Amino acid sequence: MYSKFLILPVFVLLLSVVCLGVSSQPITDSQRLFSIAVNRVTHLHLLAQRLFSDFESSLQTEEQRQLNKVFLQDFCNSDYIISPIDKHETQRSSVLKLLSISYRLVESWEFPSRSLSGGSSLRNQISPRLSELKTGILLLIRANQDEAENYPDSDALQHAPYGNYYQSLGGNESLRQTYELLACFKKDMHKVETYLTVAKCRLSPEANCTL
């Protein structure tokens, strides 16, 4: 009778161990790199949101309304970078494509990020973090080069810079240009965060990557 009571707990323990072994997957170097990249771009997106919010709070209500109206009719420099038009296209895009677009978006902000308005303590964090993120994405691209043959624009990283739209904003402190610069930075960091999150999710077969 006593042995019967022992068998059930032992069986439950063994079953738990077996299930754990089946459901869990080893963490690869690529997954670690993705986790680091997603964490970094999430922090950059939060910084972008804070800079934009701080600037908006310094404006009058009418100024905010007018600037928002103008921005909706204008465009960001990154609009020249071909990227998914909606969440469905994002989910259908290959990992390499999402990484390459993210790389170009981050690269396009390396210089103009130095001209972002806001507190120096926040602004000084952005450029080095962009550089770190760019390096991390490049490592991920190299690790996923086996997809290159399925991605027609695999030489995207060698394309020319995207004009001098952002660069021309640095020396001009007008409200409209400052607003556009901060709004575009926030928009682009949100894009990169979305693309990297979806790409990272693809590495986990059991995950639901629905946006």
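Everything discussed here concerns the structure shown above.
The rules behind these values
Residues numbered from 1 in each chain as written. Predicted model: local features only at pLDDT ≥ 70, side-chain atom pairs only at ≥ 80, totals over all residues. Heavy atoms only, no water. Helix = DSSP H or I, 4+ residues; strand = E, 2+ residues; numbered from the N terminus. Buried < 20%, exposed > 50% of the residue type's maximum accessible area, 1.4 Å probe, protein only. Contact = heavy atoms within 4.5 Å. Areas by Shrake-Rupley, 256 points an atom, 1.4 Å probe, with all protein chains shown as cover. Axes fitted to C-alpha atoms, helices over the stretch in contact; angles between N-to-C directions. Parallel < 35°, antiparallel > 145°, perpendicular 65-115°, else oblique. Left-handed = near helix turned anticlockwise from the far one by under 90°. Nonpolar A, V, L, I, M, F, W, Y, C, P; charged D, E, K, R; others polar. Expected span 1.5 Å × (residues − 1).

Q: In this structure, what is going on with the overall build of the protein? I would like to understand it.
A: A tally of helices and strands in the protein yields 7 helices and 0 strands. Of the regular secondary structure in the protein, the N- to C-terminal order runs α-α-α-α-α-α-α. In the protein, buried positions account for 36% of the 211 residues. For the protein, contacts bridging at least 24 residues in sequence account for 81% of all contacts bridging at least 6. Summed over its atoms, the accessible surface of the protein is roughly 12,400 Å², and 57% of this surface lies on carbon and sulfur atoms.

Q: Please explain the packing of helix 2 (residues 29-57) against helix 7 (residues 175-201) as it appears in this structure.
A: Helices that pack against each other are described as a pair by the angle of their axes relative to one another and the distance between those axes. Orientation of helix 2 relative to helix 7, taken along the N-to-C sense of each, is 155°, at an axis distance of 9 Å. By the criterion of interaxial angle, the relationship of helix 2 to helix 7 is roughly antiparallel. For the pair helix 2 and helix 7, the crossing hand works out as left-handed. Within the contact of helix 2 with helix 7, the residues separate by chemical class into 18 nonpolar, 7 polar and 4 charged.

Q: What am I meant to see in helix 5 (residues 95-107) here?
A: Residues that lie three or four places apart on an α-helix share one face, since the helix turns once every 3.6 residues. Along its 13 residues, helix 5 runs 18 Å from first to last C-alpha, staying within 8% of the 18 Å computed at 1.5 Å per residue. With respect to burial, helix 5 is a largely interior element, 11 of its 13 residues being buried. Listing the buried residues of helix 5 in full gives Val95, Leu96, Leu98, Leu99, Ser100, Ile101, Ser102, Tyr103, Arg104, Leu105 and Val106.

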